[in-house]
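# What the coordinates show
If you want the building blocks of each chain, they are given just below.
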Number of protein chains: 4
Amino acid sequence: MTRSLRADAARNRSMLLAAAAEEFASRGMSASVADIARRAGVGKGTVFRHFPTKDDLLAAIVLDRIESLAALARKLYLADDAGQALFDFLDEAAGRQQQLDFSFLRDSGDINDQLRDAREGLYVAIIALVERAQAVGAVRTDVTGLDVILMMCVPAHVVSFVPGAAPDLWRRYLAMVIDGLRPEGAHPLGPPSPAAV
Amino acid sequence: MTRSLRADAARNRSMLLAAAAEEFASRGMSASVADIARRAGVGKGTVFRHFPTKDDLLAAIVLDRIESLAALARKLYLADDAGQALFDFLDEAAGRQQQLDFSFLRDSGDINDQLRDAREGLYVAIIALVERAQAVGAVRTDVTGLDVILMMCVPAHVVSFVPGAAPDLWRRYLAMVIDGLRPEGAHPLGPPSPAAV
Amino acid sequence: MTRSLRADAARNRSMLLAAAAEEFASRGMSASVADIARRAGVGKGTVFRHFPTKDDLLAAIVLDRIESLAALARKLYLADDAGQALFDFLDEAAGRQQQLDFSFLRDSGDINDQLRDAREGLYVAIIALVERAQAVGAVRTDVTGLDVILMMCVPAHVVSFVPGAAPDLWRRYLAMVIDGLRPEGAHPLGPPSPAAV
Amino acid sequence: MTRSLRADAARNRSMLLAAAAEEFASRGMSASVADIARRAGVGKGTVFRHFPTKDDLLAAIVLDRIESLAALARKLYLADDAGQALFDFLDEAAGRQQQLDFSFLRDSGDINDQLRDAREGLYVAIIALVERAQAVGAVRTDVTGLDVILMMCVPAHVVSFVPGAAPDLWRRYLAMVIDGLRPEGAHPLGPPSPAAV
DNA sequence: AATGAATGAGTGTTCATTCAT
DNA sequence: AATGAATGAACACTCATTCAT
């Protein structure tokens, strides 16, 4: 009874999340709530019923992605080949960010606690992955987990400049990024890694 | 008489460009014309006298930067060490983008002809630099000039995620990018380079 | 079966009236239907099942009060001391309006027929009380029943300006109003009483 | 040069104030900025150019009235007949509030400092007037300045319930209020005067 | 009969752009 | 040529009302 109504609401919620992800991806934080509602095929009021503010809508999307990425990182931490584990993680992360990269974390005014915690958890998991890959010599030792986190966003960003890019073009730039993280042919990096992101 | 007026106007124009560059750099495309005018110390109307729309103001800034970067590329093309020439170019380009990266070109709706031509000129000059660097073995041969152009924006982008970053932090990520462009330790890149940007 | 449903419905209706009276009293006409429903512990839809519009809900409350006040006026008309009867009525009326004064009648767009009739009945009863009090010399003869009706709202209104007022402060201003209605020390009133309210 | 432009702006500002006073008077704080703008014959943006928020617009109106009323009170304090001075003041105050009474001070969320100071000044001036009137026996001694301030708003409020009231009807109710303030026929007031308003 | 999800008109406010001075 | 006042289309968000369940 409540079941079927919930089903409708849940459907709207997920259409909203999908529509918002696309709008945010193409217009950034300045995507308008009206456009998101239109794309999701619902009224403007429905957006606000599900997410009290535009920022909350963005946060919901980002939280989703961060948590699923963190889960992946934790799973890959258990893989046999530490180097491959990190590269697989980067592959998946770069691929997902095709649609919505972390830039929004920066654009969106202030970050809420839940989001901050989730992000922290993701960072911890990635750093562990990186350190394990360094231990087996797969990654140069002068980069930090934070550096890898930052470079992970590069493929999506770079591809965003290429109109009509092939859907897998991001792999090309991920390959370049990864080659820059390898020990072979590494040159000194200059300034030290930042303290936090 | 027109003389002195022109001088005033020119002065206003360049103060406007400087003010706008700073505002755009810190607030992105959503910097307001009113703020730009205030920072430049002129009235809002004066902004529109010089640049018919906000987009035109942005385009003027970008055009400026593109042309000066293209000039630099052409000058470095004449340098003895082809590899160093490219790296020097990237160093300068990445450093300048600290303040205003090309992202705006993407954000700003449509690009005008003058801008398109200038960009084309810059691309040609960079591609020449890259090919010369490849000829002497300083850069892997499976990257194209277009790839380098795209990767050139990476340091500014990456650093933008780091609050309170050291002013030279971008050099760290440029070093990583460059290491990824070197022949040593290069792995296959997968998808081909895009046809155009 | 209909029986028990009716009981439920009646219960909801009166909880709704009580909740709405409190909300309207503290927030005026801009109290929200959602808040009223929440305070009554029912769904928003239920509010509209009982009262087609927010205005109707307000009208129902006011109708209630008007009718009970009219009943009181009629009862007091039978009292021995005509002067005391009127003052007792004003005391009770002013006290009740502590919670919801007639202002809402003015704010709420148009008045419905039932409400108009009830108000008319109240006015008739009050006018009778006043005339009887004048007949025994308790009230100056240059005021009309309508004047008294209007002045009756004064204590609640005045007290509404005093933050943290003592709960019986309205009596102070009712006393002043009544002193103004007495024959002793009466001065000419100037303009004639209005034809209707 | 700036002169003539200012003239236009000043004209708009005062039309805005007038329009807002009328809208606020008839619809209370829920008068809409759009309606005010329409009534003033200007665009919505113009309202915000002159008054940063709706509350500021209201505050400007109220401040104006408060200050001019305070000036009047101070002037009348110098009059020979202390009783007449107070009654003259009440006459003027009640007449002005025909259009916009102090209710707005209550409705408007928070009061700004300038407004609070002005109100304080007005209160001080009125209290002085009252005490002087009491000293010559024109006003009963058991009322305070604060009481008078509160009762001063009565005529405007009462008349607001009379549709199509004669323009001077407020004088009738002011006369009743004043008769209630006289020493003749005064009865005990019951609860003490409030500490502050 | 009751619920609360959905809707969309309306609100206060911002801002690029126009235009009278 | 320069100013800033005026404008109105957008925007995020609220809320009375409707309706599927």
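Nothing here was measured: the structure is a model prediction, and the numbers come from that model. (Residues numbered from 1 in each chain as written. Chains lettered and ligands numbered in written order. Predicted model: local features only at pLDDT ≥ 70, side-chain atom pairs only at ≥ 80, totals over all residues. Heavy atoms only, no water.)

### Digging into the overall build of chain A
- When helices and strands are tallied, chain A shows 10 helices and 0 strands.
- When burial is assessed residue by residue, chain A has 49% of its 197 residues classed as buried.
- Here the contacts in chain A between residues at least 6 apart in sequence split such that 72% fall between residues at least 24 apart.
- Of the charged side chains in chain A, 22 are positive and 25 negative, and the gap between their average positions amounts to 7 Å. (Helix = DSSP H or I, 4+ residues; strand = E, 2+ residues; numbered from the N terminus. Buried < 20%, exposed > 50% of the residue type's maximum accessible area, 1.4 Å probe, protein only. Contact = heavy atoms within 4.5 Å. Lys, Arg positive; Asp, Glu negative; His and termini not counted. Charge placed at Lys NZ, Arg CZ, Asp CG, Glu CD.)

### As for the domain arrangement of chain A
- We note that the domain assignment places domain 1 (1-52) and domain 2 (59-197) within chain A.
- Here the C-alpha centroids of domain 1 of chain A and domain 2 of chain A sit 28 Å apart. (Domains from an automatic or database assignment.)

### Observations concerning the packing of helix α8 (residues 145-152) of chain C against helix α10 (residues 169-181) of chain D
- Taken N-terminus to C-terminus, the directions of α8 of chain C and α10 of chain D make an angle of 70 degrees; their axes are 12 Å apart at the nearest point. Taken together, the axes of α8 of chain C and α10 of chain D lie roughly perpendicular to each other. On α10 of chain D, the residues touching Asp147, Leu150 and Met151 of chain C of α8 of chain C are Arg172, Tyr173, Met176 and Val177 of chain D.
- Its residues assigned to classes, the contact of α8 of chain C with α10 of chain D comprises 5 nonpolar, no polar and 2 charged. (Axes fitted to C-alpha atoms, helices over the stretch in contact; angles between N-to-C directions. Parallel < 35°, antiparallel > 145°, perpendicular 65-115°, else oblique. Nonpolar A, V, L, I, M, F, W, Y, C, P; charged D, E, K, R; others polar.)

### So, the UniProt feature "domain: HTH tetR-type" (unreviewed entry) in chain A
- As recorded in UniProt, the feature "domain: HTH tetR-type" (unreviewed entry) lies at residues 10-69 of chain A.
- Across residues 10-69 of chain A, helical content stands at 82% and strand content at 0%; the span's end C-alpha atoms are separated by 23 Å. (UniProt positions renumbered as here; feature names shortened; annotations may be inferred.)

### Considerations on the relation of the copies chain D and chain C
- Screw-axis analysis of chain D against chain C gives a translation of 0.2 Å along the axis, an RMSD of 0.7 Å, and a rotation angle of 177 degrees. Both copies are brought into coincidence by an operation consistent with a two-fold rotation axis. Minimal C-alpha distance to the rotation axis in chain D is attained by glycine 180 of chain D, lying at 1.7 Å. (Least-squares fit on C-alpha atoms with pLDDT ≥ 70 in both.)

### With respect to the nonpolar core
- By size, the foremost hydrophobic cluster in this structure holds 139 residues, and its most contacted members are Phe89 and Leu90 of chain C together with Phe89 and Leu90 of chain D.
- Not counting chain neighbours up to four residues away, the residues in contact with phenylalanine 89 of chain C comprise Leu69, Leu72, Ala73, Leu76, Leu122, Ile126, Leu129 and Met152 of chain C.
- Formed by 137 residues, the second largest nonpolar core is a distinct cluster that contains Phe51 of chain A together with Ala19, Ile66 and Val148 of chain B. (Core = buried A, V, L, I, M, F, W, Y, C linked by side-chain atoms within 4.5 Å.)

### Things to note about the interface of chain A and chain B
- Taken together, the contact between chain A and chain B spans 42 residues of the former and 42 residues of the latter.
- Three residues stand out in chain A for area buried against chain B, namely Phe161, Arg172 and Met176 of chain A, and they jointly supply 20% of the buried area on that side.
- Here chain A and chain B share 4 salt bridges between them.
- Here arginine 140 of chain B and aspartate 179 of chain A are joined by a salt bridge, their closest N and O atoms 2.8 Å apart.
- For the pair chain A and chain B, the number of links is 15 residue pairs in polar contact (both at pLDDT 80 or more).
- Put simply, the parts of the chain that give the side of chain A that touches chain B at least two residues each are α6 (103-107), α8 (145-152), α9 (154-159) and α10 (169-181) of chain A.
- Looking at the side of chain A that touches chain B, the element that brings in the most residues is α10 of chain A, giving 10 residues. (Buried area = accessible area lost by both parts, 1.4 Å probe. Salt bridge = Lys/Arg side-chain N within 4 Å of Asp/Glu carboxyl O. Polar contact = N/O pair within 3.5 Å; in protein donor to acceptor, adjacent residues only side chain to side chain.)

### Thoughts on helix α7 (residues 113-135) of chain D
Residue and element names in this part refer to chain D.
- Taking 1.5 Å per residue as the helical rise, α7 with its 23 residues ought to reach 33 Å, and the 33 Å between its terminal C-alpha atoms agrees with that figure.
- Of the residues making up α7, those classed as buried are Leu115, Ala118, Arg119, Gly121, Leu122, Tyr123, Ala125, Ile126, Leu129, Val130, Ala133 and Gln134.
- For α7, the side-chain oxygen to backbone nitrogen distance between the N-cap and glutamine 114 is 3.1 Å, and the N-cap itself is asparagine 112.
- Positive backbone phi, at 80 degrees, marks glycine 137, one or two positions downstream of α7. (Expected span 1.5 Å × (residues − 1).)

### Here's the deal with the arrangement of the chains
- Looking at chain A next to chain C, you find no contact at all, with the nearest C-alpha pair sitting 13 Å apart.
- Taking C-alpha atoms only, the smallest gap left between chain A and chain D, which are not in contact, amounts to 21 Å.

### Topic: the relation of the copies chain A and chain B
- Note on the identical chains: chain A maps onto chain B by a rotation of 177 degrees and an axial translation of 0.1 Å, with an RMSD of 0.7 Å.
- Here 100% of the interface residues in chain A have copies in chain B that are interface residues too; the copies meet face to matching face.

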